[in-house]
Structure formats: structure tokens, C-alpha cells
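# Fold and contact review
Spelled out, the chains give:
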Amino acid sequence: MRLFGLIGFPLSHSFSKGFFTEKFSRENIPGCAYENFPIPDISAFPSLWENNPALEGLNVTIPYKQAVMPYLDELTDAAKAIGAVNCIRRNGKRLIGHNTDVLGFGRSLQPLLAAHHTQALVLGTGGAAQAVKYALTSLNIPYTEVSRSGPVTYEAVTEEMMRSHKLIVNTTPLGMYPNVDAAPPLPYTFAGPEHLFYDLVYNPAETLFMKKGLERGAAAKNGHEMLILQAEASWEIWND
């Protein structure tokens, strides 16, 4: 039996377990199981591998994306640059840390890009923003960071910036259920049909940020496909 799983705490709801259990069944992948491992402290991480010799790979969620890094033998360039790990592969006795946020976001975004998407606004400066910035750099799309505390504040976003930055990515939790009436405070009136509003939030399926873009004729996408592509990227890594 090949075993995979998710570490975090708490794990009251797990997208990953449901996704992989369904994937194994739907694609008729034999001899695989995916389990939740809600460890209350990262110090339990080494014993998790010792107690589960069939364990080949893990996904990592809050609060251990950074805390797990000292326990790993190797980090990919993306994981190092972003400063977070959300996928671990056991290769012999070595544990290798990856970040699939980059792959999930990049693969989800790429089909939507047009020639005029030459600059991006990245809203937020948290861990998700680091992955988005890494992916944009790999796609050769310069970006400007916007947040309440800078380097560019929301109040400083001008009409000229809105018109020149046709890709806008929300990496903040603003608008996430249950706070569905919130949105990043941008001058949305300067958006138009050439804009692409990408929201990492996927609950609700259409956030207020997306609605404000759609009202101006822009394209909009939520983060649900990114989540699926992240999971698929994990499976690729575990089977590489």
C-alpha cells in the first residue's frame, strides 16, 4: 500500500483527502491511500514517518508550511525563494520540500494570458503572494505589490497604474466566506475589458473583487482550479 497524507492542525476540513480519495477511485489507481495527520506540534513530524513506513509523500497546510522546513533534507529553488513548503516527497531516506502553489497558479493563469497582460498588480504580501510573485517572474510578467502597508498602498494606486497593469491578482483573504461583502479597496472604475481579475479565494465562487472587475467588462477567475492543479502537481512530484 502506497500511503500519502496531509499534515496541519486542526484538520477539520480537508480538500486534499477528498480529492485524492476520489482521484484514486476515478482513475482506478490501485494500492493507494490518503490520510489526514492532524499533528498538534511540528515536533511530531519525524515520528510520523517512523510510524508509517509506507508513507511516500505529504501535503502541508497551516500552521506548518514554514515550521516543517528545518526537518527536511532538501528544498527546491521555488520552496527556498517562497519560504514555504506545501508538498514533501520521500526519496529513499531523504525528505524533499516542494511548493506547488507556484505550479498551480502558473498553470491556471497561463491559458488566460493575452499579449496586453504585460504588468501585474499583486494584492497582499503574505505567503500566497510570494508564490504568485515567483510564478509571475517565471512568466516574465513584472509586478507591483500593493497592500495596506505598502510598498504601494491601496490609496496610492492611480488611474495610470490601473490602466497599465492589466492583470490584478488578489492574494488576500478579503471577500472570503463569510465576509463576502469585502474587497480590496482599488479604484475599480479604471478597469476595462482588457483586465484580468484573478482571485485566489474560491469560496464564494464569485467574490466581490471579481464582481467589480466583471462589471467593468474584465475577465475574472477564482482560485478553485489552482487548488486542483496544486494537488495534481503533488501527485506528479510523488511519482516522478
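Below you will find a few notes about this structure. Everything numeric in this text was worked out from a predicted model, so none of it was measured. (Residues numbered from 1 in each chain as written. Predicted model: local features only at pLDDT ≥ 70, side-chain atom pairs only at ≥ 80, totals over all residues. Heavy atoms only, no water.)

### Some thoughts on the overall build of the protein
Which entries qualify depends on this criterion: Per the convention used, a helix needs a DSSP run of H or I reaching at least four residues, while a strand needs a run of E reaching at least two, with both numbered from the N terminus. We compute the radius of gyration over the C-alpha atoms and compare it with the globule rule, which gives 2.2 Å times the number of residues raised to the power 0.38. Residue exposure (1.4 Å probe, protein chains only): buried if accessible area is under 20% of the type maximum, exposed if over 50%, otherwise partly exposed. Contacts are residue-level and defined by heavy atoms, with any inter-residue pair within 4.5 Å sufficient. Computed with a 1.4 Å probe, the accessible areas rest on the Shrake-Rupley method; for each residue, only the protein chains presented here act as cover. The positive count covers Lys and Arg only, the negative count covers Asp and Glu only, and His and the chain ends enter neither. Here the site of a charge means NZ on Lys, CZ on Arg, CG on Asp, or CD on Glu.
Summing up its helical and strand segments, the protein has eight helices and 11 strands in all. Against the compact-globule benchmark of 18 Å for 240 residues, the protein has a radius of gyration of 19 Å, which places it among compact chains. Split into buried and exposed, the 240 residues of the protein put 49% on the buried side. Considering only contacts in the protein between residues 6 or more positions apart, those separated by 24 or more positions represent 66%. Carbon and sulfur atoms make up 53% of the accessible area of the protein, which totals about 11400 Å². Charge separation in the protein, taken as the distance between the mean sites of 19 positive and 23 negative side-chain charges, equals 2 Å.

### A look at the packing of aromatic side chains
Definition in use: Only the six-membered ring of Trp is used, alongside the rings of Phe and Tyr, when aromatic pairs are assigned; centres must lie within 6.5 Å, and planes under 30 degrees apart are stacked while those over 60 apart are edge-to-face, with the rest tilted.
The tally for this structure, following the rule as stated, stands at 15 aromatic pairs. Aromatic pair Phe20 and Phe24: ring centres 6.1 Å apart, planes at 40°, arrangement tilted. Highlighted residues: Phe20 and Phe24, both in helix 1 (residues 15–26), separated by four residues, approximately one helical turn. Look at Phe20 and you get buried, because its relative accessible area is 0%. Of the residues examined, Phe24 reaches a relative accessible area of 6% and is grouped as buried. Seen from their ring centres, Tyr34 and Trp238 are 6.5 Å apart, and the 45° between their planes marks the pair as tilted. Here the residue Tyr34 occupies a position in strand 2 (residues 32–37), and Trp238 occupies one in helix 8 (residues 224–238), the gap between them amounting to 204 residues. Looking at Tyr34, the relative accessible area reads 2%, which means it is buried. Given a relative accessible area of 5%, Trp238 falls into the buried group.

### As for the environment of Ala231
Take Ala231: it is sitting in helix 8. The residues touching Ala231, leaving out its near neighbours within four places in the chain, are Phe15, Phe19 and Phe20.

### A closer look at the sheet that holds strand 2
The strands making up a sheet are joined through hydrogen bonds of the backbone, oriented either antiparallel or parallel. Selection rule: DSSP bridges decide pairing: two strands pair if at least two such bridges lie between them. All axes are obtained by fitting lines to C-alpha atoms, using only the stretch in contact for helices, and the reported angles, taken between N-to-C directions, cover 0 to 180 degrees.
As summarised here, the arrangement of the six strands in space is 2-1-3-5-6-4, forming an open sheet in which the pairing is mixed. Among the strands making up the open sheet, the edge pair consists of strand 2 and strand 4 (74–75). Two strands pair when backbone bridges link them, and strand 1 (residues 2–7) and strand 2 are joined in this way by six bridges, in the parallel orientation. Bridged to Leu3 within strand 2 is Ala33. In this fold helix 1 packs onto strand 1, strand 2 and strand 3 (55–60), with an angle of close to 170° to the strand it touches most, strand 2. Lying on the sheet, helix 8 is in contact with strand 1, strand 2, strand 3, strand 5 (87–91) and strand 6 (94–98); it crosses strand 5 at an angle near 10°.

### Digging into the packing of helix 4 (residues 101–109) against helix 8
The geometry of a pair of packed helices is captured by two quantities: the angle between their axes and the separation between those axes. We count it as follows: To sort the angles, those under 35 degrees are grouped as roughly parallel, those over 145 as roughly antiparallel, those from 65 to 115 as roughly perpendicular, and the leftovers as oblique. When the near helix sits turned anticlockwise from the far one by under a right angle, the crossing is termed left-handed; a clockwise turn instead gives a right-handed crossing. Charged means Asp, Glu, Lys or Arg here, nonpolar means Ala, Val, Leu, Ile, Met, Phe, Trp, Tyr, Cys or Pro, and polar covers whatever is left, Gly included.
At a closest axis distance of 8 Å, the pairing of helix 4 and helix 8 adopts a crossing angle of 125°. Relative to helix 8, the element helix 4 lies oblique. Classified by chirality, the crossing of helix 8 by helix 4 is right-handed. Packed against helix 4, whose contacting residues are Asp101, Leu103, Gly104, Phe105, Arg107 and Ser108, the element helix 8 presents Glu225, Met226, Leu229, Gln230, Ala233 and Glu236 at the interface. Taken together, the residues of the contact of helix 4 with helix 8 break down into five nonpolar, three polar and four charged.

### Looking at the side chain of Asn222
Quick reminder of the rule: Polar contacts here mean pairs of N or O atoms no more than 3.5 Å apart (in protein, one a potential hydrogen donor and the other a potential acceptor; neighbouring residues in sequence count only if both atoms are side-chain atoms).
Among the structural elements, Asn222 can be located in the loop between strand 11 (219–221) and helix 8. Within polar-contact distance, the side chain of Asn222 engages the backbone oxygen of Ala205 at 2.8 Å. A polar side-chain atom of Asn222 sits 3.0 Å from the main-chain amide nitrogen of His224. Not counting the four nearest positions on each side in its chain, Asn222 is found in contact with Tyr198, Asp199, Val201, Tyr202, Ala205 and Met210.

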